[in-house]
Amino acid sequence: MDDPLEGLTEQQLEAVTHAGGPLLIVAGAGTGKTTVLTRRVAHLIRSGAAKSSEVLALTFTDKAAQEMQGRIDELLPLGSADTTVCTFHSFGDRILRQYALEIGLAQDYRMLDDTGQVLFLRRFLFDLPLQRLRPLGNPTTHLRALKSHFSKLKEECIEPATYLAWAEQLHKAAQGLPAAMEQAELQWEMARCYDAYQQLLAREGRCDFSDLVYRPLQLLRHHPHILQRVQRQFRYILVDEFQDTNGSQFELVRLLAAEHRNLSVVGDDDQSIYAFRGAAIGNILSFLEHYPDARQVVLTHNYRSLQPILEASYTLIQANNPGRLEVINQIDKRLRAARTDLIPLDPEAIELHRFETVSEEAEAVARRIAEWSQQHELGFDSFALLVRNNNDAS
């Protein structure tokens with residue numbers, strides 16, 4: 001059983017041993033964020049600050065959750081690692097299965113994937129209050145657009161009643177304005193369809209993927225006794241890849257942490273690339289507004305790359321200023337290479353080469369790999385190639 005505090009940098013140690021209250025860990029690429037998260041969980045338990053059952057760690061993929069759980073298990077005595085480490089959607093599913101009856105949902109509800117959602121909408125097409133939006137031909141494309149719209153609403157924790165009230169106000173304000181009225185009627189129809197869709201899901205004992213966060217959020221919002229029970233169960237909450245959370249996910253963890261405020265989030269706004277999936281970078285940018293007393297720890301020791309790569313990356317990312325956390329929170333996010341064993345491989349600056357054809361580029365890359373392999377006595381499995389698309393890789 002390893003010591004959770006062994007081998008940590010000063011910054012990592014500060015994050016791992018943070019006593020309580022909100023904590024924002026700004027972790028640049030390759031700075032050991034998973035190490036910090038798992039060590040923090042282990043330290044909380046081994047120091048007696050929390051029982052293992054009182055810790056909830058949320059991430060985005062099953063693979064990441066399994067890796068995190070495995071590393072926590074190695075740091076804790078045998079039989080004591082019953083922390084809840086899972087994805088947001090797995091956690092939401094647990095809450096729904098436990099309290100489904102409170103919101104009129106069968107405990108044995110069935111999940112709808114993307115295709116299942118479209119088929120579900122098609123099956124109940126004439127139960128939806130469609131007029132302007134009623135498809136005249138093949139409805140699949142139409143219904144996919146509706147499905148996507150409903151998912152975005154749930155990702156931003158917008159309930160049907162809220163959408164209906166907003167659409168009604170829009171309709172009143174558009175009186176006497178033909179163009180505005182047309183848009184208002186469209187929104188009013190979509191709001192009624194959203195309401196009807198949610199009622200149909202409940203009636204048929206179904207949930208879609210977005211429901212796994214949206215419905216637990218509704219449950220906790222409208223049932224204070226359940227919220228209190230869950231809050232007291234999970235006294236410490238940790239969130240990985242916080243820059244990828246959407247509105248509903250952030251609202252969920254804010255509700256869960258409202259009583260004890262022991263919320264630790266790890267993220268990096270410069271690594272936010274999932275806006276197309278509903279991620280709201282504003283969550284990490286505004287964390288200190290929601291928690292002005294939060295401690296902020298910045299991890300800057302990079303364990304992956306040479307300094308020239310880090311410097312070039314830092315120069316490029318400055319183009320996103322002033323909307324970056326570094327500017328907003330007035331912190332230094334410049335990464336520093338921590339692995340001295342990489343320096344002999346290539347201490348030179350990054351090179352840029354232009355080629356007329358793809359074959360010329362491929363030959364030059366192969367030649368350079370062969371030279372480096374011989375020069376540094378490296379196997380070919382020590383090299384990685386990044387290409388724009390799969391066709392370039394073949």
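Just so it is clear, the structure is predicted and the values come from calculations on it, not from any experiment. Along each chain, residue indices are assigned from 1 in the same order as the chain's sequence is written. In view of the model being predicted, local features appear only for residues whose pLDDT reaches at least 70, and side-chain atom pairs are presented and counted only at 80 or more, with totals across whole chains, interfaces and linings using the full set of residues. Note that the side-chain values use all heavy atoms of the structure and ignore hydrogens as well as water.

## Brief notes about the overall build of the chain
Then comes step 1: In DSSP terms, a helix is any run of H or I states spanning at least four residues, a strand is any run of E spanning at least two, and both are numbered starting from the N terminus. Along the backbone of the chain there are 17 helices and ten strands.
Then comes step 2: Reported as C-alpha extents along the three principal axes, the dimensions of the chain are approximately 70 × 60 × 40 Å.
Then comes step 3: A simple rule labels every residue: compare its accessible area, found with a 1.4 Å probe on the protein chains alone, to the largest value its type can have, and call it buried under 20%, exposed over 50%, or partly exposed in between. The buried share of the chain, taken over its 394 residues, is 45%.
Then comes step 4: The contact criterion used throughout is that any non-hydrogen atoms of two residues lie within 4.5 Å. Within the chain, counting contacts between residues at least 6 apart in sequence, those at least 24 apart form 76% of the total.

## With respect to the side chain of Ser373
Then comes step 1: Mapping Ser373 onto the fold places it in helix H16 (residues 358–376).
Then comes step 2: Not counting residues within four places of it along the chain, the set of residues in contact with Ser373 comprises Leu378, Phe380 and Phe383.

## Topic: the sheet that holds strand S7 (residues 263–267)
Then comes step 1: For two strands to be treated as a pair, DSSP must find at least two bridges joining them. If you trace the six strands from one edge of the open sheet to the other, you get S3-S2-S6-S7-S1-S8, paired in parallel fashion. Pairing within the sheet leaves two strands with one partner each, and these edge strands are strand S3 (84–87) and strand S8 (295–299). Looking at each pair of strands side by side, their axes are set apart by 15° on average, direction ignored.
Then comes step 2: Sheet topology note: the strand S6 (residues 236–239)/S7 ladder contains three bridges and is parallel. Between N-to-C directions, angles span 0 to 180 degrees; the directions come from axes that are lines fitted to C-alpha atoms, helices contributing only their stretch in contact.

## Details of the pattern of salt bridges
Then comes step 1: We define a salt bridge as a side-chain nitrogen of Lys or Arg found within 4 Å of a carboxyl oxygen belonging to Asp or Glu. The tally for this structure, following the rule as stated, stands at 24 salt bridges.
Then comes step 2: Between Asp114 and Lys147 there is a salt bridge, with its nearest N and O atoms 3.8 Å apart. Residue Asp114 is found in helix H5 (residues 114–123), and its partner Lys147 is found in helix H6 (residues 140–155); the two are separated by 33 residues along the sequence.
Then comes step 3: The class for Asp114 is partly exposed, based on a relative accessible area of 47%.
Then comes step 4: Classification of Lys147 as buried rests on a relative accessible area of 12%.

## Here's the deal with the packing of helix H2 (residues 33–46) against helix H3 (residues 62–75)
Then comes step 1: In contact at an axis separation of 9 Å, H2 and H3 are set at 45° when each is read in the N-to-C sense. Between H2 and H3, the interaxial angle falls into the category oblique. Crossing handedness for the pair H2 and H3: right-handed. Every residue of H3 that contacts H2 at Thr34, Thr35, Leu37, Thr38, Arg39, Val41, Ala42 and Arg46 is listed here: Glu67, Met68, Arg71, Ile72 and Leu75. Here is the rule for angles: anything less than 35 degrees is roughly parallel, anything more than 145 is roughly antiparallel, 65 through 115 is roughly perpendicular, and the remaining ranges are oblique. By convention, the crossing between two helices is left-handed when the near helix turns anticlockwise from the far helix through less than a right angle, and right-handed when the turn is clockwise.

## Quick word on unusual backbone geometry
Then comes step 1: Note the cis peptide between Asn321 and Pro322, where omega equals 5°.
Then comes step 2: Position of Pro322 among the secondary structure elements: in the loop between helix H14 (307–317) and helix H15 (325–328).
Then comes step 3: Look at Glu377: it is not a glycine, yet its phi comes out positive at around 55°.

## Observations concerning the pairing of S6
Side-chain positions along a regular strand alternate between the two faces of the sheet.
Then comes step 1: Residue alternation in S6 divides its side chains into two sets, Tyr236 and Leu238 and Ile237 and Val239, and both sets are buried.
Then comes step 2: Pairing of strand S2 (residues 55–59) with S6, which is carried by four bridges, proceeds in the parallel orientation. Note that in S6 the partner of Leu56 across the bridge is Ile237.
Then comes step 3: The definition of a right-handed crossover adopted here requires that, viewed with the strands pointing away, the path from the first strand over the helix to the second runs clockwise. In this fold, the crossover linking S6 to S7 by way of helix H11 (residues 247–256) has right-handed handedness.

## What about the packing of aromatic side chains?
Then comes step 1: Between rings of Phe, Tyr and Trp, where Trp is taken as its six-membered ring, a pair exists when centres lie within 6.5 Å; planes separated by under 30 degrees are stacked, by over 60 edge-to-face, and by other angles tilted. As enumerated under the stated definition, the model contains twelve aromatic pairs in all.
Then comes step 2: With centroids separated by 5.0 Å and ring planes inclined at 20°, the aromatic side chains of Phe150 and Tyr197 adopt a geometry described as stacked. Residue Phe150 is found in helix H6, and its partner Tyr197 is found in helix H8 (residues 178–204); the two are separated by 47 residues along the sequence. Tyr197 carries the same exposure label as Phe150, and that label is buried.
Then comes step 3: Members of the aromatic cluster, each reached through a chain of ring pairs, are Phe120, Phe124, Phe150, Tyr163, Trp166, Tyr194 and Tyr197.

## Considerations on the packing of helix H9 (residues 211–222) against helix H10 (residues 224–233)
Then comes step 1: At a minimum axis separation of 5 Å, H9 and H10 run at an interaxial angle of 110°. Relative to H10, the element H9 is oriented roughly perpendicular. Contacts from Leu219, Leu220 and His222 in H9 reach Pro224, Ile226, Leu227 and Val230 in H10.
Then comes step 2: Class assignment of the residues belonging to the contact of H9 with H10 gives a composition of six nonpolar, one polar and no charged. Charged residues are taken to be Asp, Glu, Lys and Arg, nonpolar residues to be Ala, Val, Leu, Ile, Met, Phe, Trp, Tyr, Cys and Pro, and polar residues to be all remaining types, Gly included.

## So, the confidence of the model for the chain
Then comes step 1: Per-residue pLDDT for the chain averages 91, and the proportion of residues at 70 or more is 96%.
Then comes step 2: The pLDDT score gives, residue by residue, the confidence of the prediction method on a 0 to 100 scale. The spread of mean pLDDT over the elements of the chain runs between helix H17 (residues 390–393), the lowest at 78, and S6, the highest at 98.

## What about the environment of Phe209?
Then comes step 1: With respect to the helices and strands, the residue Phe209 is situated in the loop between strand S5 (206–208) and H9.
Then comes step 2: Exposure remark for Phe209: the relative accessible area of 47% places this residue in the partly exposed category.
Then comes step 3: Between the C-alpha atoms of Phe209 and Ser151, which are 58 residues apart in sequence, the distance is 8.3 Å.
Then comes step 4: In contact with Phe209, other than residues within four places in its own chain, are His89, Met111 and Leu112.

## Observations regarding a negative patch on the surface
Then comes step 1: Like-charged residues within 9 Å of one another, or nonpolar side chains (Val, Leu, Ile, Met, Phe, Trp, Tyr) within 5 Å, are grouped into patches, provided each residue has over 30% relative accessible area and no salt bridge. The method behind every accessible area is Shrake-Rupley, applied with a 1.4 Å probe, and residues are considered shielded solely by the protein chains displayed. We count Lys and Arg on the positive side and Asp and Glu on the negative side, and we leave His and both chain ends out. Think of each charge as sitting on NZ of Lys, CZ of Arg, CG of Asp or CD of Glu. Together, Asp2, Asp3, Glu6, Asp73 and Glu74 make up a negatively charged patch on the protein surface.
Then comes step 2: Within the secondary structure, Glu6 is located in the segment before helix H1 (10–16).
Then comes step 3: The class of Glu6 is exposed, set by a relative accessible area of 54%.

## Quick word on the environment of Gln107
Then comes step 1: Note on placement: Gln107 falls in the loop between helix H4 (88–99) and strand S4 (110–112).
Then comes step 2: On the basis of relative accessibility, which here comes to 41%, the residue Gln107 falls in the partly exposed class.
Then comes step 3: Placed 275 residues apart in sequence, Gln107 and Ser382 show a C-alpha to C-alpha distance of 50 Å.
Then comes step 4: With near-sequence residues (within four places) excluded, Gln107 lies in contact with Arg97, Gln98, Ala100 and Leu101.

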